[in-house]
Structure formats: structure tokens, C-alpha cells
Amino acid sequence: MKDSIHKLIFAIVLLVLLTAQLFVYSREQPQIAIGNGRGDDGITYGKVADAFLADERPVGDAPFVYRIGVPWLASIVSRSVHTPIDESFRLINIIALYILALLMYRLALRFCAPVFASFVCALYMLPFYGNARLVYFYPVLVDTPWMVLLVLSLIIMTRDALSVWSVVALSIISFCATLMRETGVLIPFTFLLSLYPVRRLFSVEVFVGRLPEPIMSERGVSTPRLLIYGLIPLSAALLGIVLSRQAVMAIGTYSFLSAALESARANNLWHLTISVFLAFGGPMLALLVIKPEVASDQLRATPQCLVLLALIVIVSYFGGVNTVRFLSWASPVVLLLVCRSLQVAVSELWENRSYVQGVIIALMLLGVVSYEVASLHPFEGYYRDYAAWAKWGGLQFSRLEPGILAGYLAVSIAAIFVWRWFGSTGTRRAKRRIVVTFGLFR
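Residues numbered from 1 in each chain as written. Predicted model: local features only at pLDDT ≥ 70, side-chain atom pairs only at ≥ 80, totals over all residues. Heavy atoms only, no water.

**Remarks on the overall build of the protein**
Here is step 1 of the chain: Scanning the protein from terminus to terminus reveals 23 helices and two strands.
Here is step 2 of the chain: Its C-alpha atoms give the protein a radius of gyration of 23 Å, near enough to 22 Å, the size a compact globule of 442 residues would have.
Here is step 3 of the chain: Counting only C-alpha atoms, the protein reaches 85 × 55 × 50 Å along its principal axes.
Here is step 4 of the chain: Restricting the contact set of the protein to residue pairs at least 6 apart, pairs at least 24 apart contribute 77%.
Here is step 5 of the chain: Of the roughly 20300 Å² of accessible surface on the protein, 69% is carried by carbon and sulfur atoms. (Helix = DSSP H or I, 4+ residues; strand = E, 2+ residues; numbered from the N terminus. Rg over C-alpha atoms; globule rule 2.2 N^0.38 Å. Contact = heavy atoms within 4.5 Å. Areas by Shrake-Rupley, 256 points an atom, 1.4 Å probe, with all protein chains shown as cover.)

So, in C-alpha cells, the structure goes:
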């Protein structure tokens, strides 16, 4: 009973923080000026919704015209509550944002205490590229409802039990996700590639000479049945792709292969590395170095998270200009690892606490979080264009300012060294080093 109350309290705290954040954005963040407030991709999304509202077949540029799920919902909302299409998109994205926050919290609760789960969920909503800011900056967008389905699929895939109903749910989610974005195929591919019969052929453990073991949900299920379970959601996703292409008329000269190759040519490994740092929590990634065994154990226990992370990194490299936003689709996975690492680090510190040690570590963690919030949130200006992405190096043709990068690295490295010296396992070694160091100058 007490545990349930704690979960409820921190869920309310999370929703209050999100509401306050949206209130600030509603007053400070102007809508994008491009496309009469619809943005670049949003021009086609809006036209598709307008066509559905007029009971016409949508016509537009590929691949955006194929993403019919959210525009269709926007047309239903517009017809039902008599709001303009653009405001219907915003309403859908706001509702989806609250659902996404609760689903993120639910996923994190499976592995973390409520206080840490709510903390990382709040961090997920803060960056300049986050779905919360996009509600007011770029409302005619389809990403937030798609993220809801992605996180929901992770909740189902990481359950301790795998059942026929789990497969049915994943199939429905995969079908709906591909109607929203073609990248919805990531969901069934993640499920299929993370199953033991497939995972044992190419997993990271195989390359280091260690055979992977079936996880709890796979035990007692035969190999043929597991493979069938994996192929059913993939078939549903492919059906969604076929139907979305039959429902619209695409124009233009878009080719998936040529677009992917062009993105790869414009991208580079350095930009991808910087984008990973920006998208996955900036200095908070230091926690994964401080407690690497926690992250590795978590990925072994939930191979779905590792597979999804790898797939999204690959898709981001070939996916187009906005690398940071694409990479941020994997933020729920990385922040889950950060949540676990932070909880273990704090619990170890609490069990081996001393006053000075606790103050030093607390100041270090506060500094890391403060720097991340200050650096990834556009406090100094709420732009009407892509200036935020250009300023933080989130686009292929922009570069992160050297001062910002130096700050990230300095804070991250300082956090790692502080933990190594004053963390729960490093206190005695730190004292011994200090004694030896001062002894050299006597």
C-alpha cells in the first residue's frame, strides 16, 4: 500500500512538472514560421489531414504523405470538436505527451524506485528537441503519438512473461505505428531480433565468445513458436505499410535508397557522436561510466533495449538531416539505464555514507543535472526557426559550438573522477591517495 502511494505521488509530481513546462512554452515558445506555422514536414501532414476532412484521397510528397495515422486522427478531432486542423494536431500531441510521460514512468518503475523513475521522465521532457517543446513550436507533427506506441511496445516486450496476448498487442501496435511513420517497423524488428533463436546468432555476447542465455520470458517456449511470435508483428507492420501506400497518391521523385545514401554522405562519425551525446542526456551519460556493470546487466536482462538502441542509431545515420531528433527516439532506453545507474550509485553511497562524502557526491550529481538542463534547454531564446538545432549542432550541416562541447566533456569527466575518488567504493582508496600525495611533499 505504501509503495503504491509513493508511485502515485511521484506520478502526480511528474504530471505537474509537465503541465508547468507546457504553460511556459504556451507563453514563450512561438510557432514555427515556415509553412504558415506548419513547418516543412508539417505542410504535407496538414494537407493529408485537410484531404481526410474533405473526404478526398490525400495527395502529397513522399514519404510524408504515407504517414496517415495522425493526420487521419486530426481530421476526426477537427470534425468532432470543430477546431482547425492545426489545433487538432496540437490537441492530439498534448494528449499523447501526457500518455507518453505516464508510459515512460511505468516503464522506468519496472526497474527503478518511483523517485528515480519520475526524475528521468522529467529529464526526458526537458531538451530543446523534446516532444514537450514541439507541441508549441511544431504542432503539425506525428512523432509524439508514434513515441507512445514505441514506449508501450517496450513495456510489453520487457515483461517477464511472453504470451499470445502479448504478441497480439504487439501486432496491433506495429500495424498502427507504421500508419504513423514507416519507422514503425522498428517495433516488430526489435521484437524479432531480440528473441533468443535470432539473438544467439549475432548478439554482442557471441562476438566476445560468450553464448547468450534465454531470458525469463523465453524459457519454456520452443524455438519454432518464438520465431512465429516474432514474425506475426512484422507481418502486421508490413500490412500497415502497404495500406498506407494504397490510401494516398504520392508525388515527387522520392526514393528511399537515394535519400538514405544522401544522408549517409552528409553525415559523418563525428557529427553522429556529438548527436549521441546531445540526444542521450549530455553529462548524464557519465553515470553509465560510473556504474558500467549496472547498464551491462540491464541490457543482458532486456535485450530488446539493446536491439532497439542499435537499430535507432543505424536509422539515424541514414535517416536525414535532424540526427539528434531521430536519435532521441532511443532516449527512453538510455534514460532507463541512467535511472538504474543513478539508483544503484545513490543506494551504495547511502549504505556507506559519511557526511563529507555525501556532500561531495550530492554536489557532483547536482552539478551534472544543472549543467544538462541549462545546456539542453533554450532558456536564452525560444526561436521561430531551426536556430536551436543549429546552435546545438543537431543538424547535419551545423556544428556544436566548441565551448558547449568543452563544457559537456569537462562536467562529464569531472563527475567520473569525483565518483572514483569519493564514491562508495572509492572512499578508502581516495583517502589512501591523499595520504600518499601529501606524504610526497613532506
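**Focus: a nonpolar patch on the surface**
Here is step 1 of the chain: A cluster of nonpolar side chains, namely Ile5, Ile9, Val13 and Leu17, defines an oily patch on the protein surface of about 330 Å² accessible area.
Here is step 2 of the chain: Mapped onto the elements of the fold, Leu17 is located in helix H1 (residues 2–28). (Patch = residues over 30% accessible without salt bridge, like charges linked within 9 Å, V, L, I, M, F, W, Y side chains within 5 Å. Salt bridge = Lys/Arg side-chain N within 4 Å of Asp/Glu carboxyl O.)

**Describing the packing of aromatic side chains**
Here is step 1 of the chain: Counted under the stated rule, the structure contains 13 aromatic pairs.
Here is step 2 of the chain: Aromatic pair Tyr317 and Phe318: ring centres 5.3 Å apart, planes at 85°, arrangement edge-to-face.
Here is step 3 of the chain: By relative accessible area, Tyr317 is classed as partly exposed at 24%.
Here is step 4 of the chain: Where Phe326 meets Trp329, the ring centres are 5.2 Å apart and the plane angle is 55°; that geometry is what we call tilted.
Here is step 5 of the chain: Of the residues examined, Trp329 reaches a relative accessible area of 4% and is grouped as buried.
Here is step 6 of the chain: Aromatic rings pair up to connect Phe128, Tyr129, Phe137, Tyr138, Tyr386 and Trp389 into one cluster.
Here is step 7 of the chain: Stacked on the ring of Phe137, the Lys or Arg Arg133 has its end atom at 4.6 Å from the ring centre.
Here is step 8 of the chain: Positioned over the ring face of Tyr66 is Arg245, at 3.9 Å from the centre of the ring. (Phe/Tyr/Trp six-rings, centres within 6.5 Å; stacked < 30°, edge-to-face > 60°. Buried < 20%, exposed > 50% of the residue type's maximum accessible area, 1.4 Å probe, protein only. Lys NZ or Arg CZ within 6 Å of the ring centre and 35° of its normal.)

**Let's talk about the environment of Leu201**
Here is step 1 of the chain: With respect to the helices, strands and loops of the structure, Leu201 is situated in helix H10 (residues 196–202).
Here is step 2 of the chain: Judged by relative accessible area, Leu201 falls into the exposed class, the value being 64%.

**Section: the pattern of salt bridges**
Here is step 1 of the chain: Applying the stated criterion across every chain yields a total of 12 salt bridges.
Here is step 2 of the chain: For Arg181, the salt bridge identified is with Asp143, shortest N-O distance 2.9 Å. Of this pair, Arg181 sits in the loop between helix H8 (164–180) and helix H9 (186–194) while Asp143 sits in helix H7 (residues 143–157), and the two are 38 residues apart along the sequence. Here the two residues Arg181 and Asp143 agree in accessibility, since each one is buried.
Here is step 3 of the chain: The network of salt bridges with common partners includes Arg38, Asp50 and Asp86.

**Some words on unusual backbone geometry**
Here is step 1 of the chain: A cis amide bond links Ala62 with the next residue in sequence, Pro63, at an omega value of 0°.
Here is step 2 of the chain: As for its placement among the helices and strands, Pro63 is situated in the loop between strand E1 (59–61) and helix H3 (69–81).
Here is step 3 of the chain: In this structure, Asp55 is a non-glycine residue whose phi angle is positive, near 55°.
Here is step 4 of the chain: The backbone phi angle of His82 is positive, close to 60°, even though this residue is not glycine.
Here is step 5 of the chain: Overall, His82 belongs to the exposed group, its relative accessible area being 70%.

**Topic: helix H14 (residues 269–279)**
Here is step 1 of the chain: Along H14, the residues that are buried comprise His271, Leu272, Ile274, Ser275, Phe277, Leu278 and Ala279.
Here is step 2 of the chain: Downstream of H14 by a residue or two, Gly281 has a phi angle that is positive, lying close to 115°.

**Here we look at the state of the cysteines**
Here is step 1 of the chain: With the rule as written, the count across this model stands at one disulfide.
Here is step 2 of the chain: The residue that forms a disulfide with Cys112 is Cys339, at a sulfur-sulfur distance of 2.2 Å. Separated by 227 residues along the polypeptide, Cys112 in the loop between helix H4 (85–109) and helix H5 (114–125) and Cys339 in helix H19 (residues 331–351) bring together distant segments of the chain.
Here is step 3 of the chain: Residue classification places Cys112 among the buried residues on the basis of a relative accessible area of 7%. (Disulfide = S-S within 2.5 Å.)

**Remarks on the environment of Val221**
Here is step 1 of the chain: Considering the arrangement of structural elements, one finds Val221 in the loop between helix H11 (204–207) and helix H12 (223–246).
Here is step 2 of the chain: Separated by 201 residues in sequence, Val221 and Ala20 have C-alpha atoms that sit 47 Å apart.
Here is step 3 of the chain: Beyond its immediate stretch of four places on either side in the chain, Val221 contacts Leu226 and Tyr229.

**Describing the environment of Ala117**
Here is step 1 of the chain: Secondary-structure assignment places Ala117 in helix H5.
Here is step 2 of the chain: Separated by 79 residues in sequence, Ala117 and Tyr196 have C-alpha atoms that sit 28 Å apart.
Here is step 3 of the chain: Setting aside residues no more than four positions away along its own chain, Ala117 makes contact with Tyr105, Ala108, Leu109, Cys112 and Cys339.

**Here we look at H19**
Here is step 1 of the chain: Compared with the 30 Å implied by 1.5 Å per residue over 21 residues, the 30 Å span of H19 between its first and last C-alpha is a close match.
Here is step 2 of the chain: Buried residues dominate H19, accounting for 15 of its 21 residues. (Expected span 1.5 Å × (residues − 1).)

**Considerations on the packing of helix H17 (residues 303–318) against H19**
Here is step 1 of the chain: Taken N-terminus to C-terminus, the directions of H17 and H19 make an angle of 130°; their axes are 9 Å apart at the nearest point. The angle between the axes of H17 and H19 places the two elements in the oblique class. Along this stretch, H17 crosses H19, giving a crossing that reads as left-handed. Residues Cys305, Leu308 and Leu309 of H17 touch H19, and the partners they reach there are Val333, Val334 and Leu336. (Axes fitted to C-alpha atoms, helices over the stretch in contact; angles between N-to-C directions. Parallel < 35°, antiparallel > 145°, perpendicular 65-115°, else oblique. Left-handed = near helix turned anticlockwise from the far one by under 90°.)

**Notes on the side chain of Asn267**
Here is step 1 of the chain: Here Asn267 lies in the loop between helix H13 (256–266) and H14.
Here is step 2 of the chain: A residue is classified by how much of its surface remains accessible, and Asn267, at 4% relative accessible area, is buried.
Here is step 3 of the chain: At 3.5 Å, the side chain of Asn267 forms a polar contact with the backbone oxygen of Tyr317.
Here is step 4 of the chain: With residues near it in sequence (within four places) discarded, Asn267 still touches Leu272, Ser316, Tyr317, Thr323 and Gln396. (Polar contact = N/O pair within 3.5 Å; in protein donor to acceptor, adjacent residues only side chain to side chain.)

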